[in-house]
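An overview of the molecular structure
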Amino acid sequence: MELRCLLLNIVFISVVNAMLAFGFVNQDEGRRCTYGRIEKLMRIRCHDMDLKEVPQNLKSSVEVLDLSYNRIRKLRSGSFQRYTDVKFLMLYENMILSVEPGTFEPLTALQEVDLSNNGLTTIPMELFQLPKLRNLYMDSNDLRELHQDLALLETPIRAPIEYLNVANCELHDIPDLGILPNLWQLNASSNPLSNFDMNKLGNLCHLRVIDLTKTQISPCSCQQVTNHLSALGASPQFVPVCMEALDSNACPLNYNRTVDSPTFHSCLTSAELAETRGFWLFAAGCFGGSLLVLLVFCYCIHRWRKKRRNRRLSQAAQNRKHFVISPRNATNNRLEDQPLHCDTA
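The protein is annotated in an unreviewed UniProt entry as Tsukushi isoform X2 of Drosophila albomicans.

Glancing now at the pairing of strand E2 (residues 41-45). Of the pairings in the sheet, the one linking strand E1 (residues 34-38) to E2 comprises five bridges and is antiparallel in character. Of the residues in E2, the one forming a bridge with Ile38 is Leu41. Connecting the antiparallel pair E1 and E2 is a turn made up of two residues, with Glu39 showing a positive phi of about 50°. As paired strands, E2 and strand E3 (residues 64-66) are joined by three bridges and run parallel to one another.

When a protein is soluble and globular, its nonpolar side chains tend to lie buried together. With 67 residues, the main nonpolar core has Leu65, Phe80, Leu89, Phe104 and Leu115 as its most contacted residues. Broken down by secondary-structure element, the contributors of at least two residues to this core are helix H2 (146-150), helix H3 (219-232) and helix H4 (262-319). Take this core: its biggest share by element is four residues, from H3. Discounting chain neighbours no more than four positions away, the residues touching Phe80 are Val54, Leu65, Leu67, Leu75, Leu89, Leu91, Thr103, Phe104, Pro106 and Leu107.

Let us look at the environment of Arg257. Here Arg257 is to be found in the loop between H3 and H4. The exposure class of Arg257 is partly exposed, given its relative accessible area of 38%. In sequence terms Arg257 and Met198 are 59 residues apart; their C-alpha atoms lie 7.8 Å from each other.

To continue, consider the confidence of the model for the protein. Looking at the protein as a whole, the pLDDT averages 84, with 79% of positions reaching at least 70. Segment residues 19-29 is flagged for pLDDT under 50; beyond a separation of four residues in sequence, or across chains, it makes five contacts in the model.

Summed over all chains, the structure comprises three disulfides. Note that Cys205 is cross-linked by a disulfide to Cys267, the S-S spacing being 2.1 Å. Between Cys205 and Cys267 the sulfur-sulfur dihedral comes to about -65°; the bridge is accordingly left-handed. Linking Cys205 in the loop between strand E10 (185-187) and strand E11 (209-211) with Cys267 in helix H4, this pair joins segments that are 62 residues apart in sequence.

Let us now look at empty space enclosed by the protein. Applying the stated criterion to the full structure yields one cavity of 30 Å³ or more. Together, Leu164, Ile174, Pro175, Asp176, Leu177, Gly178, Leu180, Leu183, Leu186, Lys200, Asn203 and Leu204 line the largest cavity. Looking at side-chain class alone, the lining of the largest cavity contains eight nonpolar, two polar and two charged residues.

Turning to the sheet that holds E3, a few remarks are in order. Across a sheet, paired strands are connected by hydrogen bonds in the backbone, their directions being either parallel or antiparallel. Strand order across the open sheet formed by nine strands is E1-E2-E3-E5-E7-E8-E9-E10-E11, with mixed pairing between neighbours. At either margin of the open sheet sits one strand with a lone partner, and together these are E1 and E11. In this sheet, adjacent strand axes meet at a mean angle of 5° when their direction is disregarded. Bridge analysis of E3 against strand E5 (residues 88-90) gives three bridges, and the strand direction is parallel. Within the sheet, the bridge partner assigned to Leu65 lies in E5 and is Leu89.

With that settled, the discussion passes to the side chain of Glu63. Relative to the helices and strands, Glu63 resides in the loop between E2 and E3. Note on Glu63: relative accessible area 16%, which makes it buried.

The subject of this paragraph is a positive patch on the surface. A surface patch of positive charge is lined by Arg303, Arg305, Lys306, Lys307, Arg308, Arg309, Arg311 and Arg312. Position of Arg312 relative to the elements: it lies in helix H4.

Where nonpolar side chains cluster on the molecular surface, the patch consists of Phe287, Leu291, Leu294, Leu295 and Phe297 and spans about 540 Å² of accessible area. Position of Phe287 among the secondary structure elements: in helix H4. Residue Phe287 is classed as exposed on the basis of its relative accessible area of 58%.

Pairing between side chains becomes possible if they bear opposite charge and their charged atoms approach one another. Going through the model one piece at a time under the given rule, you end up with ten salt bridges. For Asp50, the salt bridge goes to Lys52, with nearest N and O atoms at 4.0 Å. Take Asp50: its relative accessible area is 28%, and that puts it in the partly exposed class. Here Asp50 ties to Arg71 by a salt bridge, and the two come within 3.3 Å at their closest N and O atoms. Of this pair, Asp50 sits in the loop between E2 and E3 while Arg71 sits in the loop between E3 and strand E4 (74-75), placing them 21 residues apart in sequence. With relative accessibility at 34%, the residue Arg71 sits in the partly exposed group. What you see here is one network of salt bridges that share partners, running through Glu53, Lys74, Arg76 and Glu100.

Reading the values: the criteria
- Residues numbered from 1 in each chain as written.
- Predicted model: local features only at pLDDT ≥ 70, side-chain atom pairs only at ≥ 80, totals over all residues.
- Heavy atoms only, no water.
- Pairing = 2+ DSSP bridges.
- Helix = DSSP H or I, 4+ residues; strand = E, 2+ residues; numbered from the N terminus.
- Core = buried A, V, L, I, M, F, W, Y, C linked by side-chain atoms within 4.5 Å.
- Buried < 20%, exposed > 50% of the residue type's maximum accessible area, 1.4 Å probe, protein only.
- Contact = heavy atoms within 4.5 Å.
- pLDDT = per-residue confidence, 0-100.
- Disulfide = S-S within 2.5 Å.
- 1 Å grid on protein atoms, 1.4 Å probe; cavity = no way out; pocket = protein on both sides within 12 Å on 5 of 7 lines; lining within 4 Å.
- Points joined across faces, edges and corners; volume = space filled by probe spheres on them.
- Nonpolar A, V, L, I, M, F, W, Y, C, P; charged D, E, K, R; others polar.
- Axes fitted to C-alpha atoms, helices over the stretch in contact; angles between N-to-C directions.
- Patch = residues over 30% accessible without salt bridge, like charges linked within 9 Å, V, L, I, M, F, W, Y side chains within 5 Å.
- Areas by Shrake-Rupley, 256 points an atom, 1.4 Å probe, with all protein chains shown as cover.
- Salt bridge = Lys/Arg side-chain N within 4 Å of Asp/Glu carboxyl O.
- Lys, Arg positive; Asp, Glu negative; His and termini not counted.
- Charge placed at Lys NZ, Arg CZ, Asp CG, Glu CD.

Here it is, written out as structure tokens:
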């Protein structure tokens, strides 16, 4: 009897292991997305759950949404329609091959999106029109034909991008996104960059860090980038070390195409206008807030004075002596020209 039970247990364990091995049983079937808070933001973590679609049964007030390490292949136009409050979106390490138009359009509060390590061949152009997008991670995608889509990009873009990561994307040149007055860090490492164009750095007037490690830029481009960063007061820490100094005739500094170019000055002007606009918006907000407080204060004073005046009138009415008609006036024999008699109450 004991031997029979032992054999049945062995057979049962073997069958279960076989079903797990061939995928008939999902080991993560009981797993659920976890809820929490990070720096007072609502976070939902659906990490490594073998998801094939963006789940639609999550709380719509989510602000940090982690969908990394899943098997999502396509982002549809309605994938994030319920989650308009999302500020940070993690989609790295999926199998995303395509993104339908309008997918990111509802995410007007989005500040950071990570689409790295997928199968994308371009950057969704609508990302560049999001009003609050600051950080964009697109590394480890095959973007070698990105320049064809960027030729149709409407510039200047609306997104105030500050950090752009396009490392390991098979790029032969850095992306041309037009004037980017807020961009301070660009990671273009592990790309061929065989057609590196210095002129595009004129669009990045506030660039402070550019990572060109593990690239194939020419010695002249290396020297030009180093000189350009020095002119900006930035550090060439992540620029490949130039093995030898080239003569200015063989490798001109080209300041007239970078820091002295009309594009560079236009970039500076855009940044100054944005800063001035932000200052005046702040000042207008402060003035409007002060005016509202003043109006509320005046209204409260008016109400207080009105109540005080009504209280005084009420007290005066209570203290006033009341006069009533004397019963003597009700006699029938009173002469018409005889004055009325009054009694005080």
